[in-house]
Amino acid sequence: MLTEGQVTITANNPEQEEAEEQVAVEYEGPSIEVGFNVSYLQDVANVISSESLRITLADSNSSALVEDPDNGDSLYVVMPMRL
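All values derive from a computational prediction rather than experimental measurement.

## Section: the environment of proline 14
With respect to the helices, strands and loops of the structure, proline 14 is situated in the loop between strand 2 (6–12) and strand 3 (18–24). When its relative accessible area of 72% is taken as the criterion, proline 14 is described as exposed. Sequence spacing of proline 14 and leucine 53 is 39 residues, and the spatial spacing of their C-alpha atoms is 28 Å.

## Thoughts on the pattern of salt bridges
Applying the stated criterion to the full structure yields one salt bridge. Between glutamate 67 and arginine 54 there is a salt bridge, and its shortest N-O distance comes to 4.0 Å. In this pair, glutamate 67 sits in strand 5 (residues 64–68) while arginine 54 sits in strand 4 (residues 54–56), placing the two residues 13 residues apart along the sequence. The exposure class of glutamate 67 is buried, given its relative accessible area of 14%.

## Remarks on the sheet that holds strand 3
What the three strands build is an open sheet, ordered 1-2-3; its pairing is antiparallel. Each end of this open sheet is capped by a strand with a single partner; those strands are strand 1 (2–3) and strand 3. Relative to strand 2, strand 1 runs antiparallel, the two being bridged by two bridges. Residue threonine 3 lies in a different strand from strand 2, and its bridge partner there is glutamine 6.

## Comments concerning unusual backbone geometry
Phi is positive for glutamine 16, which is not a glycine, with a value near 70 degrees. By the secondary structure assignment, glutamine 16 is in the loop between strand 2 and strand 3. A residue is classified by how much of its surface remains accessible, and glutamine 16, at 69% relative accessible area, is exposed.

Rules of the game
Residues numbered from 1 in each chain as written. Predicted model: local features only at pLDDT ≥ 70, side-chain atom pairs only at ≥ 80, totals over all residues. Heavy atoms only, no water. Helix = DSSP H or I, 4+ residues; strand = E, 2+ residues; numbered from the N terminus. Buried < 20%, exposed > 50% of the residue type's maximum accessible area, 1.4 Å probe, protein only. Salt bridge = Lys/Arg side-chain N within 4 Å of Asp/Glu carboxyl O. Pairing = 2+ DSSP bridges.

In structure tokens:
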């Protein structure tokens, strides 16, 4: 769940285990709830050398554009999952 100034990350698996983490973000706008396959996000995060990344979202059903805020040479697209 993305809200102004904070994202709440929730992860779960088929064994019904769940984890939740809240992270401060630079975001202003309406709340958005979107789901991603964590493996795809990890693949992108592993090739970005910066400590942070920029994720651009139009809405919860559209693809997410992920980029390194310090280096605009590469852009990555990650498709959301239905929640």
